[in-house]
Amino acid sequence: PSSGGERLLPTNGFIRAIEEDHDGNIWIGTCGSGIAVLNAVTQKFRVYNNKNTGWPIDRVFSLLPDHNGNMWIGTAGDGLFCFNAISKKFSGYSAPEGLPDGVVHKLLEDNSGNIWLSTNKGICTFNASLKKFTDYSTYNELQNGVFLDGAGLKSTRGALFFGGADGFNYIE
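All residue numbers refer to position in the chain's written sequence, counted from 1. For this predicted model, a pLDDT threshold of at least 70 governs which residues receive local features, and a threshold of 80 or more governs which side-chain atom pairs are given and counted, while totals over whole chains, interfaces and linings are taken from all residues. Side-chain calculation: all heavy atoms of the structure are included, whereas hydrogens and water are not.

Trainee: Got a sec to walk through the pattern of salt bridges? Specific residues and values, please.
Mentor: Note on pairing: side chains with opposite charge can pair once their charged atoms come close. Salt bridges, as used here, are contacts in which a Lys or Arg side-chain nitrogen is within 4 Å of a carboxyl oxygen on Asp or Glu. Applying the stated criterion to the full structure yields three salt bridges. With its nearest N and O atoms 2.8 Å apart, the salt bridge here joins R16 to D149. With R16 in strand β1 (residues 15-20) and D149 in strand β13 (residues 147-154), this pair connects stretches of sequence that are 133 residues apart. Judged by relative accessible area, D149 falls into the partly exposed class, the value being 33%. For R157, the salt bridge identified is with E172, shortest N-O distance 2.6 Å. Within this pair, whereas R157 is found in the loop between β13 and β14 (160-164), its partner E172 is found in the segment after β15 (167-171), the two being separated by 15 residues in sequence. Each member of the pair, R157 together with E172, is exposed. Secondary structure elements follow DSSP: runs of H or I of four or more residues count as helices, runs of E of two or more count as strands, with numbering from the N terminus. Buried residues are those whose accessible area, probed at 1.4 Å on protein chains only, stays under 20% of the maximum for their type, while exposed residues exceed 50% and partly exposed ones sit between those limits.

Trainee: Go over the side chain of Q143 with me, naming the residues and quoting the values.
Mentor: When you line up the elements, Q143 lands in the loop between β12 (132-136) and β13. The class of Q143 is buried, set by a relative accessible area of 11%. Within the local environment of Q143, its side chain forms a polar contact with the backbone nitrogen of D166, the two atoms lying 2.9 Å apart. Only 3.2 Å separates the side chain of Q143 from the backbone oxygen of G167, close enough to count as a polar contact. Throughout, a contact is declared for two residues whenever any of their heavy atoms are within 4.5 Å. With residues near it in sequence (within four places) discarded, Q143 still touches T138, F162, G163, G164, A165, D166, G167, F168 and N169. N or O atoms closer than or at 3.5 Å make up a polar contact, with two conditions inside protein: a donor-capable atom paired with an acceptor-capable one, and, for residues adjacent in sequence, both atoms drawn from side chains.

Trainee: Describe the environment of I86, with residues and values.
Mentor: The residue I86 is located in the loop between β7 (80-83) and β8 (90-93) in this model. As a C-alpha pair, I86 and G69 span 17 residues in sequence and 8.4 Å in three-dimensional space.

Trainee: So, the sheet that holds strand β2 (residues 26-30): which residues are in play, and what are the values?
Mentor: Strand pairing is assigned whenever DSSP identifies at least 2 bridges connecting the two strands. What the four strands build is an open sheet, ordered β1-β2-β3-β4; its pairing is antiparallel. The open sheet has two edge strands with one neighbour each: β1 and β4 (45-48). Within this sheet the neighbouring strands show an average axis-to-axis angle of 20°, counted without direction. Judged from the four bridges that link them, strand β3 (residues 35-38) and β4 form a sheet pairing that is antiparallel. Residue pairing across strands places V37 opposite R46, the latter belonging to β4. Helix axes use the C-alpha atoms of the stretch in contact, all axes being lines fitted to C-alpha atoms, and the angles between their N-to-C directions lie in the range 0 to 180 degrees.

The structure is reproduced here in structure tokens:
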């Protein structure tokens, strides 16, 4: 039930990520019910989940709107997904495509348009044009241990920071 202009969130309410896309829509990622998108114009929700898309996007840890207007989705064990702003379709990436771990804690975009992901097995970049992952780990002087949900930032000068159980790493 709702009253007086109130809008009910059509999910379980366990919110993990909130981002605004290039059209002003608010994307709300949940851990259990998928993604609810509040349309900026109509003020109505559209829900994307495994049941209505066929993609395992019900457990969201991170959202990232990229420079092309696409929305990237990092999940709690099912990999990386992209909602294409033009086609309005999802695509997915996991171990067979080179993703080192299905748990994606934080997504950031660098100034060259590469998508950076913190995972349980280090950090990796994804070049969307080439559809290629590059992995970084303790061999590249990253902290030992897992990274943590939502712990990341792109600074105003373009440096990327990722936080984890053993501190943080930054990439310039």
